[in-house]
Amino acid sequence: MVRRLTPWEEANPAAYQRQQQQRLAEFQQAQTFLFDTMMLYGRSLDASGQILLQDRSAAKKGISEAFGKWVASLDFFLQTFGDTRRIPKKFQDLYTDVYEVLRPRTHWHQLGSARDPWLAAPYDSTYGGVHVFNIPSNNWSGKRRLILNPKEATPGFISGYNHVYDQLMGNPAVAAMAGQLTRLKVN
């Protein structure tokens, strides 16, 4: 189906072409900015990976803010573009390792007082056990798949997430594309 041009587009084809080129440039700039932000915080989290070798409570406290920053950048990247193929493979293992520290303990299930996980599990059984980053892009649109229940998040995670949220929403090109994303509320 062919879209009809508006009277302004018909009267000003050169201006319309310039406007389309400017929008394309802004889109590409936003995509590059989001990818670079995601890689920056992913590398930062990867560099602090030694914290994960500590006991669980110390690791949870030490990694929460860095993980919140990375998840915020991932959230924007996935919600805006849905292209999980650009996320490096080593980040899959990093997400799995951090999830093991931050998820509710399994023995809580045996006692009947387990909380629902607030993060998406690394391997999703609804898609045949694939890693959460390898879920087809159309399933990312309109859903917040990484953070399932922000009320269970640690204060450090919320602080890190909101820091990056404010930073990314300060970019007008990114803010125009990320309409569904919201700041997390402090519990």
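Here goes a summary of the coordinates provided. From a predicted model like this one, the values you see are computed outputs, not experimental measurements.

## A word on the packing of aromatic side chains
Inference 1: This structure, assessed with the given rule, holds 11 aromatic pairs.
Inference 2: Here Phe 67 and Tyr 95 contribute two aromatic rings whose centre-to-centre distance is 5.9 Å and whose plane-to-plane angle is 40°, an arrangement assigned as tilted. Of this pair, Phe 67 sits in helix H3 (residues 56-81) while Tyr 95 sits in helix H4 (residues 89-102); the two residues are 28 residues apart in sequence, bridging distant segments of the chain.
Inference 3: Taking the relative accessible area as the measure of exposure, Phe 67 reaches 0% and is therefore buried.
Inference 4: What links up through ring pairs into an aromatic cluster is the set Phe 67, Trp 70, Phe 91, Tyr 95, Trp 118, Phe 133, Phe 157 and Tyr 161.
Inference 5: Positioned over the ring face of Phe 35 is Arg 86, at 4.2 Å from the centre of the ring.

## A word on helix H6 (residues 155-169)
Inference 1: Taking 1.5 Å per residue, 15 residues should reach 21 Å; H6 reaches 21 Å between its end C-alpha atoms and fits that length.
Inference 2: Residues Phe 157, Ile 158, Gly 160, Tyr 161, Asn 162, Val 164, Tyr 165 and Leu 168 constitute the buried set of H6.
Inference 3: Of the surrounding secondary structure, the elements contacted by the buried residues of H6 are helix H2 (13-47), H3 and helix H7 (172-177).

## Quick look at the pattern of salt bridges
Inference 1: This structure, assessed with the given rule, holds two salt bridges.
Inference 2: Between Arg 183 and Asp 166 there is a salt bridge whose closest N-O contact spans 2.9 Å. In this pair, Arg 183 is assigned in the segment after H7 and Asp 166 in helix H6, connecting sequence segments 17 residues apart.
Inference 3: Looking at Asp 166, the relative accessible area reads 39%, which means it is partly exposed.

## Quick look at the side chain of Thr 96
Inference 1: You can see Thr 96 is positioned in helix H4.
Inference 2: Those residues in contact with Thr 96 that lie beyond four places of it in its chain are Pro 122, Tyr 123 and His 131.

## What to know about the environment of Arg 43
Inference 1: The topology assignment puts Arg 43 in helix H2.
Inference 2: As a C-alpha pair, Arg 43 and Leu 94 span 51 residues in sequence and 10.0 Å in three-dimensional space.

## Considerations on H4
Inference 1: Helix length check: H4 (14 residues) gives 21 Å between terminal C-alpha atoms against 20 Å at 1.5 Å per residue, within 8%.
Inference 2: Among the residues of H4, those classed as buried are Phe 91, Gln 92, Leu 94, Tyr 95, Thr 96, Val 98, Tyr 99, Val 101 and Leu 102.

## Here's the deal with the packing of H2 against H4
Inference 1: Running from amino to carboxyl end, H2 crosses H4 at an angle of 55°, the nearest separation of the two axes being 11 Å. For the element pair H2 / H4, the angle class is oblique. Considering only the axes of H2 and H4, their crossing is left-handed. Packed against H2, whose contacting residues are Met 38, Met 39, Gly 42, Arg 43, Leu 45 and Asp 46, the element H4 presents Lys 90, Phe 91, Leu 94 and Val 98 at the interface.
Inference 2: Along the lines of polarity and charge, the residues of the contact of H2 with H4 split into six nonpolar, one polar and three charged.

Parameters at a glance
- Residues numbered from 1 in each chain as written.
- Predicted model: local features only at pLDDT ≥ 70, side-chain atom pairs only at ≥ 80, totals over all residues.
- Heavy atoms only, no water.
- Phe/Tyr/Trp six-rings, centres within 6.5 Å; stacked < 30°, edge-to-face > 60°.
- Helix = DSSP H or I, 4+ residues; strand = E, 2+ residues; numbered from the N terminus.
- Buried < 20%, exposed > 50% of the residue type's maximum accessible area, 1.4 Å probe, protein only.
- Lys NZ or Arg CZ within 6 Å of the ring centre and 35° of its normal.
- Expected span 1.5 Å × (residues − 1).
- Contact = heavy atoms within 4.5 Å.
- Salt bridge = Lys/Arg side-chain N within 4 Å of Asp/Glu carboxyl O.
- Axes fitted to C-alpha atoms, helices over the stretch in contact; angles between N-to-C directions.
- Parallel < 35°, antiparallel > 145°, perpendicular 65-115°, else oblique.
- Left-handed = near helix turned anticlockwise from the far one by under 90°.
- Nonpolar A, V, L, I, M, F, W, Y, C, P; charged D, E, K, R; others polar.

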